[in-house]
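Descriptive analysis of the structure
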Amino acid sequence: MKTFLKTLPLLALLIVVTSCSSVKVAADYDKDADFNNYKTFAFFKTGIDKAEISDLDKRRILRAIEAELIAKGFTKSEDPDLLISLFTKANQRVDVYNNSWGRGAWGWGGYGGFGPGWGWGFNQPSVSTSTQGVLFIDLIDAKKKELVWQGMGSGYLTQKMEKKDERIKEFVSEIMMKYPPEANK
């Protein structure tokens, strides 16, 4: 039992860390579109330029999308069937933990005066912030200029440069698993 109680905090931390790393995805699409007709793609510069992220992150995302589409058998083209655009959002999350207990609170002393004494009291609440990002990937029919598929992924972002490539690839890969829609039925 003692071993279990000692490993319980470690297990809880592991659950929190792994739950923060997952990407939640969803997709929507035009039910009338024939996705078998789409074989080539190009990036829709006008839409991509509007995304409010750094140029470095845009390039990371575009490289990841390109790799996923090529793995699905697509070819990059000057005369594409699909135009690829993206949109991003970021939300700051602030968590306040006020469940800390400690000893040595201020209160009535043992001799009837006010001052430090022994007893239970509250410690300062702890505050943590994290950024949750949302990435939308839009596939637009190049001839009709209509959105035919949209994938969305949301999850926590990292500010550590060495982990950005990995995290962006994870986002894009999870989203692109939903394409084509027939494969997910």
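Everything below is about the structure printed above this text.
Heads up: these notes are all about the structure in this document. Each chain has its residues counted from 1, following the order in which its sequence is written. Where local features are concerned, this predicted model is filtered to residues with pLDDT of at least 70; where side-chain atom pairs are given and counted, the filter is 80 or more; whole-chain, interface and lining totals use all residues. To get the side-chain values, take all heavy atoms of the structure and skip hydrogens and water.

To continue, consider the side chain of D57. By the criteria applied, helices consist of DSSP H or I runs no shorter than four residues and strands consist of E runs no shorter than two, each listed in order from the N terminus. Among the structural elements, D57 can be located in helix α3 (residues 55-71). Type-normalised accessible area, obtained with a 1.4 Å probe on protein chains alone, sets the label of each residue: buried when under 20%, exposed when over 50%, and partly exposed for intermediate values. A relative accessible area of 14% means that D57 is categorised as buried. The contact criterion used throughout is that any non-hydrogen atoms of two residues lie within 4.5 Å. The residues contacting D57, other than those within four sequence positions of it, are K164 and I168.

This part is about the nonpolar core. When a protein is soluble and globular, its nonpolar side chains tend to lie buried together. Counting residues in each nonpolar core, the largest one holds 27 residues, and the members touching the most others are L82, I137, V172 and Y179. Those elements that provide at least two residues to this core are α3, β4 (82-97), β9 (126-141), β10 (146-156) and α4 (161-176). Residues belong to one nonpolar core when they are buried, are Ala, Val, Leu, Ile, Met, Phe, Trp, Tyr or Cys, and are joined through side-chain atoms within 4.5 Å.

A side-chain nitrogen of Lys or Arg and a carboxyl oxygen of Asp or Glu constitute a salt bridge if their distance falls within 4 Å. Applying the stated criterion across every chain, the model contains 8 salt bridges. With its nearest N and O atoms 3.9 Å apart, the salt bridge here joins K58 to D55. Here K58 and its partner D55 are both found in helix α3, 3 residues apart, which amounts to about one turn of the helix. On the basis of relative accessibility, which here comes to 9%, the residue K58 falls in the buried class. Residue E170 is joined to R167 by a salt bridge in which the shortest nitrogen-to-oxygen separation is 2.8 Å. On the criterion of helical spacing, the pair formed by E170 and R167 is a turn pair, its members being 3 residues apart in helix α4. Under the relative-accessibility criterion, E170 is labelled partly exposed at 28%. For R167, a relative accessible area of 9% puts it in the buried group. Several salt bridges converge on common partners, so that one network encompasses D57, R60, K164 and D165.

Below, the discussion takes up the packing of aromatic side chains. Working definition: a ring pair exists when centres of Phe, Tyr or Trp rings (six-membered ring for Trp) sit within 6.5 Å. Plane angles under 30 degrees give stacked, over 60 give edge-to-face, the rest tilted. Applying the stated criterion across every chain yields a total of 7 aromatic pairs. Aromatic side chains F35 and Y38 sit 5.9 Å apart centroid to centroid with 65° between the ring planes, which places their arrangement in the edge-to-face category. What makes F35 buried here is its relative accessible area of 5%. Residues W149 and Y179 carry aromatic rings whose centres are separated by 5.3 Å and whose planes lie at 80° to one another, so their mutual orientation is edge-to-face. In this pair, W149 is assigned in strand β10 and Y179 in the segment after α4, connecting sequence segments 30 residues apart. Each member of the pair, W149 as well as Y179, carries the same accessibility label: buried.

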